[in-house]
Amino acid sequence: MNEPRPLPDAIRRKLVWPSRLTRAGMIAERITRAFWPVWTLCFAAIAALAFGFQDWAPLELFWMACLAVPLGLFWAGWRGLRRFHWPSAAEALARLDQTLPGRPLASLGDSQALGGADDGSKAVWQAHLARMAARAGQARRVAPDLRLSARDPYALRYAALTAALMALLFGSLWRVAEFGSPAAGQATAKATASWEGWAEPPAHTGRPSLYLNSLTASTLELPAGSRIVLRIYGPAEALTLRETVSDAVATPPTATEGQAAPTDQRSHDFIAKHSGTLAIDGAGGREWALTVLQDAAPTVELSGPMKRQADGTMSQPFKAKDDYAVVRGEVRFDLDLAAVDRRYGLVAAPEAYAPLVFDLPMPITGGRTDFAGNLVEDASKHAWANLPVKMVLTVTDASGQTGATRETSVTLPGRRFFDPLAAAVVEMRRDLLWSRSTAGRVSQILRAVTHRPEGFIRNERAYLMLRVAIRRLDAGIAQGGLTPDLRNELTDALWEAALLIEDGGLEDALDRMRQAQERLSEAIRNGASPEEIQKLMDDLRTASDDYLQMLAEKNQEDPADRFAKDQPTQNITEDQIQSMMDEIQKLMEEGSMAEAQDLLEQLNQLMENLKVTKGEGGEGQQGKGGKAMKDLRQTLRDQQNLSDDAFRKSQQQNGQGGSSEGAEGRPGEDGQPGQQGDAKKGDQGRSLADRQQALREDLGRAQGGLPDAQGQDADTARRALDDAGRAMQDAERALRDGDMPGAIERQADAIEKLREGMRGLNEALAKDRNGLPGADGQAQAQSGRELPRDPLGRADGSNGQSTTDQNLLQGEDVYRHARDLLDELRKRSADQTRPPTERDYLKRLLDRF
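This section reports on the structure supplied with the text. (Residues numbered from 1 in each chain as written. Predicted model: local features only at pLDDT ≥ 70, side-chain atom pairs only at ≥ 80, totals over all residues. Heavy atoms only, no water.)

## Some thoughts on a nonpolar patch on the surface
Point 1. A surface patch of nonpolar side chains, about 460 Å² in accessible area, is lined by Phe51, Met166, Leu169 and Phe170.
Point 2. Looking at the secondary structure, you find Phe51 in the loop between α2 (16-50) and α3 (53-56). (Patch = residues over 30% accessible without salt bridge, like charges linked within 9 Å, V, L, I, M, F, W, Y side chains within 5 Å. Areas by Shrake-Rupley, 256 points an atom, 1.4 Å probe, with all protein chains shown as cover. Salt bridge = Lys/Arg side-chain N within 4 Å of Asp/Glu carboxyl O. Helix = DSSP H or I, 4+ residues; strand = E, 2+ residues; numbered from the N terminus.)

Quick look at the structure:
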């Protein structure tokens, strides 16, 4: 058999590095397969020593391990040497050749056995060698096979490696170096001493727990009340605790006669109450200078005066502060007996009542370290309502410390009744709550006010409730006095009767309007608050609208003969009535109560002599246009209210308005009850954006009810209302995006466009009604008071309707009119609530003239 021929030099040069790398891989493969038990035993031994096996293992087990590990290493090394043999270069080429298709390296070493003399055969053979040489040139190193799963089916090598890595991370490799030292033998007999410690601040502080072993500083600050837990392992005399931060007396463990000191685990658990020293004495111990931060008491203060809203609800803003958090608060009211006017039913000694206590509202979201709130409660039905009391606000933190305001003398807010009969009933109720000994006097007065109810008590149900209360009151007196339960039932009945008398429940629209006028007149005389006057004005507007609607629907003589056939009548528009009401409210806001009272009486006379005739469509003099104008007026009022609420919200976000403004104003986004004004009751609890969306929908419905008026004024009105709808939509989008300044600006545009559209609609309707613009002069003659006019001499109607019966800027007062006009331009240009484009236009006018 012929010897294989050597490879050509060109091929051999190409295979130098692939064959060397393949041979190195074969060496690593054979070493791994032969000696894996050796390093497995080494890793296991190192992990055991690093985790202190020599310290806690029994002495016999320790020596057995010391004997078994060297023997195992010797056996594994001898066995590996027997199995290991060094790979040759030929073996490397053979493994390399096995990875190539057709075994080209072996083919290149073969010789031609037959046909050596045939030229054709030689040519074929040479072509075959050339093809094999090309394949051999593509040879690449062969990776070693280091898999040991067949030789180590239980993965012992991985377990030992994991133990070694755990020892490297959590153990101490220095313990391995101590193996065989003199101290190692002693360590196997008893465990060394060690300790662990934690400091846990109180939960209300929000601070994290501390692991004392990881602290490197010698000083430590902890809140008062922090819990310190220490665990000491090993002999009792090795490590001892020394601390002066708690009031506990240390009692170190001692050994009794014939018994060794304890060597098991010992725990120390105490509360840090004051600054001092915390130390663990002994080998490996630590010492800290501990500073205990004392918990400061919370504080609370009044941030504004207490106010009474229109429905009698109290509104008291306050501010509270604590170093960590305020958990609860309350306000306490005690009767200020020395300040009570002891007359009439209050002469008797008052009955004992528990202090009136309300919980202070706490923030639902955000921190409670420093916050502002607003107490909103209704104490109208309490015995001390509208009487002098002493008020104290108190707040408490999580550690039980309290802070309080100084005692403040206030009048406990409650609902006020402006109907004289309702006020008398409520006063009798107060006297019964003050003292049950006033029952006889209360019975006499109630009998007097119900003696002849015709024309005096207009609500039949209220009259029957009062008569029943009188009988039950007399029965209680006859039985020796009122019981507390009977007293409470009677006072509840009197309260319901007073509400019926005050708020109405009457079916006759004219009676409701008269009642609303009387209540407003009484409020003006008694100096009612602006919130109460606003509520009464709203009631009067509602009652007047209902009365006008009744007249328009009936269009005939009142069955109750309220309008005699020969009684003088007056034709007047609803806009003129609303203009007079606006003027009354303006006078009251300016403090001109006497003039407001006079104008209110004139309005009363005007409404008494009013007669509304049917127009086209059977809807009264104004027909469909009147209904549309009413809806637009309500939309304008609601938009103005919403703009005010958005402005207050913007101030609160910028820290300018305080929390009291949002609560005592109209219902805002926080949903707290406030001054209702013209805002809808359903607005409470809704966001500003939702309210803006509802107003935009109301405007759309109002536009759908507009009359089919023709002309330039009608077209201008429709375009202005469309612009108002788009401005409302932009304002809604800005509110949802949190752009409060942009929303306020767009709301101002919507208000201006609403006014412009209503002015155009008024002018269009006036042209459609023959002679109706002249009704302003009739209303002025009837009221005996000149309606307010602008600098051009036009009488202002409701929501911007303007008419004139004069020639503008003619006659002797031409210069006075010019000065008034310039003053009005200056005032409007300085009004920051107007749109910037309008103010720029006014400034250009002033610069020109």
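## Structural notes on the sheet that holds strand β1 (residues 194-200)
Point 1. One open sheet accounts for four strands, arranged β2-β1-β4-β6; its pairing is antiparallel. The open sheet has two free edges, formed respectively by β2 (210-211) and β6 (266-272), since each of these has just one partner strand.
Point 2. Sheet topology places strand β4 (residues 226-233) next to β6; seven bridges connect them, and they run antiparallel. Bridge assignment links Ser226 to a residue of β6, and that residue is Ala272. (Pairing = 2+ DSSP bridges.)

## A few points about α2
Point 1. For α2, the principal kink sits at Phe35 and spans about 60°; a proline, Pro37, occurs within the next four residues.
Point 2. A positive backbone phi angle near 80° is found at Gly52, which sits one or two residues after α2. (Bend = angle between axes of the 7 residues up to and from the residue.)

## Re the packing of aromatic side chains
Point 1. In the structure shown here, the tally under the stated rule is eight aromatic pairs.
Point 2. Ring centres 5.9 Å apart and planes at 45° place the aromatic pair Trp198 and Tyr211 in the tilted group. Remark: Tyr211 occurs in strand β2 and Trp198 occurs in strand β1; sequence separation between them is 13 residues.
Point 3. Relative to Trp384, the ring of Tyr353 lies with its centre 6.4 Å away and its plane at 80°, an arrangement referred to as edge-to-face. (Phe/Tyr/Trp six-rings, centres within 6.5 Å; stacked < 30°, edge-to-face > 60°.)

## Quick word on the side chain of Asp295
Point 1. With respect to the helices and strands, Asp295 occurs in the loop between β8 (287-293) and β9 (299-302).
Point 2. Although Asp295 lies buried, it forms no salt bridge, and the closest oppositely charged side chain, Arg207, sits 10 Å away as judged by the N-O distance.
Point 3. Beyond its immediate sequence surroundings of up to four residues, Asp295 is in contact with His204, Ala224, Asp323, Tyr324, Asp397, Ser399 and Gln401. (Buried < 20%, exposed > 50% of the residue type's maximum accessible area, 1.4 Å probe, protein only. Lys, Arg positive; Asp, Glu negative; His and termini not counted. Contact = heavy atoms within 4.5 Å.)

## Some remarks on helix α13 (residues 460-478)
Point 1. The terminal C-alpha atoms of α13 lie 27 Å apart, and with 19 residues this matches the ideal 27 Å at 1.5 Å per residue to within 8%.
Point 2. Among the residues of α13, Ala462, Leu466, Ala469, Ile470, Leu473 and Gly476 are the ones counted as buried. The arc that holds every buried residue of α13, seen down its axis, measures 130°, which confines them to one face. Exposed residues pointing more than 90 degrees away from the buried face of α13 are listed as Glu460, Arg461, Arg471 and Ala478.
Point 3. The inward-facing, buried residues of α13 contact α11 (420-434), α12 (439-449) and α14 (484-503).
Point 4. In the stretch just after α13, Gly480 is the one whose phi turns positive, near 105°. (Expected span 1.5 Å × (residues − 1). Arc of directions from axis to C-beta.)

## Here we look at the packing of α13 against α14
Point 1. Contact geometry of α13 with α14 gives a least axis separation of 9 Å together with a crossing angle of 160°. When the axes of α13 and α14 are compared, the pair comes out roughly antiparallel. For the pair α13 and α14, the sense of crossing is left-handed. Counted together, Arg461, Ala462, Met465, Leu466, Ala469, Arg472, Leu473 and Gly476 of α13 and Leu486, Glu489, Leu490, Ala493, Leu494, Glu496, Ala497, Leu500 and Ile501 of α14 form the full contact between these two elements.
Point 2. Along the lines of polarity and charge, the residues of the contact of α13 with α14 split into 12 nonpolar, one polar and four charged. (Axes fitted to C-alpha atoms, helices over the stretch in contact; angles between N-to-C directions. Parallel < 35°, antiparallel > 145°, perpendicular 65-115°, else oblique. Left-handed = near helix turned anticlockwise from the far one by under 90°. Nonpolar A, V, L, I, M, F, W, Y, C, P; charged D, E, K, R; others polar.)

## So, the sheet that holds strand β7 (residues 276-282)
Point 1. With mixed pairing, the four strands of this open sheet are ordered in space as β3-β8-β7-β5. Of all the strands in the sheet, the pair left with one neighbour each is β3 (219-223) and β5 (239-243). The average undirected angle you get between the axes of adjacent strands in this sheet is 20°.
Point 2. Bridge analysis of β5 against β7 gives five bridges, and the strand direction is antiparallel.

## Here's the deal with the side chain of Arg429
Point 1. With respect to the helices, strands and loops of the structure, Arg429 is situated in helix α11.
Point 2. The residues contacting Arg429, other than those within four sequence positions of it, are Ser380, Lys381, Thr491, Leu494 and Trp495.

## Thoughts on unusual backbone geometry
Point 1. Phi at Ala155 takes a positive value of approximately 55°, unusual for a residue other than glycine.
Point 2. Inspection of the secondary structure puts Ala155 in the loop between α7 (119-136) and α8 (156-170).
Point 3. Of note, the phi angle at Asn386 is positive, near 65°, even though the residue is not glycine.
Point 4. With respect to the element layout, Asn386 can be found in the loop between β14 (370-377) and β15 (388-397).

## Re the environment of Ile271
Point 1. Position of Ile271 among the secondary structure elements: in strand β6.
Point 2. For Ile271, a relative accessible area of 35% translates into the label partly exposed.
Point 3. A C-alpha to C-alpha distance of 9.6 Å links Ile271 and Pro201, two positions 70 residues apart in sequence.
Point 4. The contacts of Ile271, once residues within four sequence positions are left out, are Gly225, Ser226, Arg227, Val245 and Ser246.

All we've got here are geometric facts, nothing functional implied.
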